2 protein chains.
Amino acid sequence: MSVAKYLKPTESELEILQVLWEKQNASVRDVHEELAKVKDVGYTTTLKLMQIMFEKGLVKRDASFKTHIYEASVSKKKAQKHLLKKMINTLFSGSSTELVIQALGNHKTSPEELNEIQQFLDNLKKR
Amino acid sequence: MSVAKYLKPTESELEILQVLWEKQNASVRDVHEELAKVKDVGYTTTLKLMQIMFEKGLVKRDASFKTHIYEASVSKKKAQKHLLKKMINTLFSGSSTELVIQALGNHKTSPEELNEIQQFLDNLKKR
DNA sequence: CCCAAATTACGATAAATTTCGTAATAAAAA
DNA sequence: TTTTTATTACGAAATTTATCGTAATTTGGG
């Protein structure tokens, strides 16, 4: 196996993970109501997706009560790290510098944020 | 329509675009041989995918000869811009700074590259 | 205890993606 | 010209993802 399945969320799965990362843990209804704000989708669709995610190991759940409580089994940071790396490799010839420059160039970044990044760079160089 | 289809390449389509961006233009065989280096896949599969990409408008092709010559119809830069933006929104709460720090933190970046980025930042601040 | 409301389980279907075999076509070689 | 070789076209099947209706289950209220 090249990469574990839980690091390859689909679009819909990622949307659900978003909610779980934000709320820490949530029932299907909680998640569904968040999704329903921005998406026209049925409750059982969300339920089914979350059940599948459970089978894949993408989420954990506490089933001791009628209403199961779900939680992401991958941290947001880990997912970010993995997907970012993948993007750097597939779209930026493996160069994180290229990606950084692209990211800063395309989006308007405030002076405060630029300072923050510069400070971060300075710290990196010190090591 | 929310987003044009050509900005939503699938995994396999992205692999093919990689090759086309690198080679500028290429026949199905050219592309296939590149893919075959890293992937076990049949020739007609690559062909079919490229035909579908043509129908979607993801690639252009010159069919005046028997062997059609393909070319990406989206620039690498444009695809980078779009997919990066999408990732920032879905995974980094819309903050490019967050993404940048994550990207630099996770990958070992050489002092030369760090300097390059700093220079880039300085130029950004001047405007 | 029984019922109503909410939830999960299940299964079927649809849609999109990926795969490849076979046939048709074109070009090059003999 | 005939044969061989390479390529494209076509269509079907397999796989993955997304959708939702209906049935079964659980639980809290009356």
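Residues numbered from 1 in each chain as written. Chains lettered and ligands numbered in written order. Predicted model: local features only at pLDDT ≥ 70, side-chain atom pairs only at ≥ 80, totals over all residues. Heavy atoms only, no water.

Once that is clear, we can look at the interface of chain A and chain B. Contacts between the two partners involve 43 residues from chain A, matched on the other side by 43 residues from chain B. For the pair chain A and chain B, the two sides together bury roughly 4,200 Å², of which 66% comes from carbon and sulfur. The largest contributions to the chain A side of the interface with chain B come from Gln80, Leu91 and Leu121 of chain A, which together make up 14% of the buried area. One can count two salt bridges joining chain A with chain B. Of the charged contacts, one joins Glu11 of chain A and Lys86 of chain B as a salt bridge, the two residues approaching to 3.7 Å between their closest N and O atoms. (Contact = heavy atoms within 4.5 Å. Buried area = accessible area lost by both parts, 1.4 Å probe. Salt bridge = Lys/Arg side-chain N within 4 Å of Asp/Glu carboxyl O.)

This next bit is on the protein's contact with DNA strand D. Around DNA strand D there are 21 residues in total, and Thr10 and Gly42 of chain A together with Arg29, Tyr43 and Lys66 of chain B lie nearest to it. Side-chain polar atom of Tyr43 of chain B to a phosphate oxygen of DNA strand D: 2.7 Å apart, as the coordinates give it. One of the side-chain N or O atoms of Lys66 of chain B is found 2.3 Å from a base nitrogen in DNA strand D. In terms of residue count, helix α3 (residues 43-56) of chain B provides more of the surface near DNA strand D than any other element does, five residues in total. (Near = heavy atom within 4 Å. Polar contact = N/O pair within 3.5 Å; in protein donor to acceptor, adjacent residues only side chain to side chain. Helix = DSSP H or I, 4+ residues; strand = E, 2+ residues; numbered from the N terminus.)

In terms of backbone geometry, most residues other than glycine have negative phi values and most peptide bonds are trans. A positive phi is found at Ser93 of chain A, a non-glycine position, where the angle reads about 45°. Turning to its location among the elements, Ser93 of chain A is positioned in the loop between α4 (76-91) and α5 (96-106). For Gln24 of chain B, which is not a glycine, the phi torsion comes out positive at approximately 70°. Along the chain, Gln24 of chain B turns up in the loop between α1 (11-23) and β1 (25-26). Gln24 of chain B gets classed as exposed once you look at its relative accessible area, which sits at 60%. (Buried < 20%, exposed > 50% of the residue type's maximum accessible area, 1.4 Å probe, protein only.)

Let us look at helix α4 (residues 76-91) of chain B. Residues and elements named next belong to chain B. Taking 1.5 Å as the rise per residue, α4 with 16 residues should run 22 Å; its terminal C-alpha atoms sit 21 Å apart, in good agreement. Of the residues making up α4, those classed as buried are Ala79, Gln80, Leu83, Leu84, Met87, Ile88 and Leu91. Along the long axis of α4, the arc covered by the buried residues comes to 155°, so they all point the same way. Remark: Ser93 follows α4 within two positions and exhibits a positive phi of approximately 50°. (Expected span 1.5 Å × (residues − 1). Arc of directions from axis to C-beta.)

Further remarks concern the side chain of Gln102 of chain A. Among the secondary structure elements, Gln102 of chain A is positioned in helix α5. The class for Gln102 of chain A is buried, based on a relative accessible area of 11%. Setting aside residues no more than four positions away along its own chain, Gln102 of chain A makes contact with Phe92 of chain A together with Lys77, Gln80, Lys81 and Leu84 of chain B.

For the rest of this paragraph, the subject is the relation of the copies chain A and chain B. Each copy superposes on the other: chain A lies on chain B with an RMSD of 0.2 Å after a rotation of 179° and an axial shift of 0.0 Å. The symmetry that links the two subunits is that of a two-fold axis. By C-alpha distance to the rotation axis, the residue of chain A lying nearest is Val100 of chain A, at 2.8 Å. When the interface residues of chain A are mapped onto chain B, 100% of them are again interface residues, pointing to one common binding face. (Least-squares fit on C-alpha atoms with pLDDT ≥ 70 in both.)

By size, the foremost hydrophobic cluster in this structure holds 62 residues, and its most contacted members are Leu99 of chain A together with Leu99 of chain B. Discounting chain neighbours no more than four positions away, the residues touching Leu99 of chain A are Leu84, Met87, Ile88 and Phe92 of chain A together with Leu84, Leu99 and Ala103 of chain B. (Core = buried A, V, L, I, M, F, W, Y, C linked by side-chain atoms within 4.5 Å.)

Residue and element names in this part refer to chain B. Strand order in this open sheet of three strands is β1-β3-β2, and the pairing throughout is antiparallel. Each of the sheet's edge strands pairs with one partner strand only, and the pair in question is β1 and β2 (59-62). For β2 and strand β3 (residues 69-72), the ladder comprises four bridges, and the chain directions are antiparallel. Of the residues in β3, the one forming a bridge with Asp62 is Ile69. The sheet strands contacting α1 are β1, β2 and β3, and the helix crosses β3 at an angle near 100°. On top of the sheet, α3 reaches β2 and β3; it is set at about 105° to β2, its chief contact. (Pairing = 2+ DSSP bridges. Axes fitted to C-alpha atoms, helices over the stretch in contact; angles between N-to-C directions.)

Now for the packing of α4 of chain A against α1 of chain B. Contact pair α4 of chain A / α1 of chain B: the axes reach a minimum separation of 10 Å and the direction vectors enclose 40°. The orientation of α4 of chain A with respect to α1 of chain B, classified from their angle, is oblique. Contacts from Lys86, Thr90 and Leu91 of chain A in α4 of chain A reach Glu11, Leu14, Gln18 and Trp21 of chain B in α1 of chain B. When grouped by side-chain class, the residues that make up the contact of α4 of chain A with α1 of chain B number three nonpolar, two polar and two charged. (Parallel < 35°, antiparallel > 145°, perpendicular 65-115°, else oblique. Nonpolar A, V, L, I, M, F, W, Y, C, P; charged D, E, K, R; others polar.)

C-alpha separation for the pair Gln24 of chain B and Leu104 of chain B, spaced 80 residues apart in sequence, amounts to 30 Å. In this structure Gln24 of chain B touches Tyr70 and Glu71 of chain B, once residues within four positions along its chain are discounted.

From the geometry alone we can't say anything about function, so treat these as descriptive.
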